[in-house]
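Architecture and fold: a report
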Amino acid sequence: MASAAAQTKDSRKKHVPLRRCVSCAKQLPQRELVRIVRDPSGRVSVDLGRKKQSGRGAYLCHEPDCWEKALKKDRLSVALKGAIAAEDRQRLQEFAKGELQQAH
Ligand SMILES: [Zn+2]
């Protein structure tokens, strides 16, 4: 009879890793964020990976504003510890315009 409460407690033990959007600092489960990765050669791209790309990663939520701020205020390059090439920056902007706004 008192077991319902105990069950709820147990199911909460399942650990959901949280990651922080580098722009709005909101913490969300990893799958609700987009991972941006800087590979060892310095290229920055969106990690759409089934297999996780190696390199330094940063996360952004699906809010287009966050992408714009992250790119314009260089939060992303700070998080990735290096400048983002203009070409890569543009591809990220295009991704934000395309993929993210479709999802909205
Ligand atoms: Zn955000």
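Below is a summary of the structure that appears in this document. This one's a predicted model, so the numbers in the text were calculated from it and none came from an experiment.

So, the pairing of strand 3 (residues 34–38)
Every second residue of strand 3 is oriented toward a common face, the buried set being Val34, Ile36 and Arg38 and the non-buried set Arg35 and Val37. Of the pairings in the sheet, the one linking strand 3 to strand 5 (residues 56–60) comprises 5 bridges and is antiparallel in character. In the sheet register, Val37 faces strand 5, and the bridge partner there is Gly57. Here strand 3 runs beside strand 4 (residues 44–47); their pairing, made up of 4 bridges, is antiparallel. Directly across from Arg38, in strand 4, lies its bridge partner Val44. What sits between the antiparallel neighbours strand 3 and strand 4 is a turn of 5 residues, in which Gly42 has the positive phi angle 95°.

Side note on the sheet that holds strand 5
Spatially, the 3 strands line up as an open sheet ordered 4-3-5, and their pairing is antiparallel. Each edge of the open sheet is held by one strand with a lone partner, namely strand 4 and strand 5. Taking each pair of neighbouring strands and ignoring which way they run, the sheet shows an average axis angle of 30°.

Quick look at helix 2 (residues 64–72)
Working note: α-helix, 3.6 residues per turn, so residues spaced by three or four point in the same direction. For helix 2, the set of buried residues is Cys66, Trp67, Ala70 and Leu71. Take helix 2 and look down its axis: the buried residues cluster within an arc of 125°, on one side only. Away from the buried face of helix 2 by more than 90 degrees, exposed residues Asp65 and Lys72 are located. One or two steps after helix 2, the chain reaches Asp74, where phi turns positive at roughly 60°.

Parameters and conventions
Residues numbered from 1 in each chain as written. Predicted model: local features only at pLDDT ≥ 70, side-chain atom pairs only at ≥ 80, totals over all residues. Buried ≥ 20, exposed ≤ 12 C-beta atoms within 10 Å, placed from the backbone. Helix = DSSP H or I, 4+ residues; strand = E, 2+ residues; numbered from the N terminus. Pairing = 2+ DSSP bridges. Axes fitted to C-alpha atoms, helices over the stretch in contact; angles between N-to-C directions. Arc of directions from axis to C-beta.

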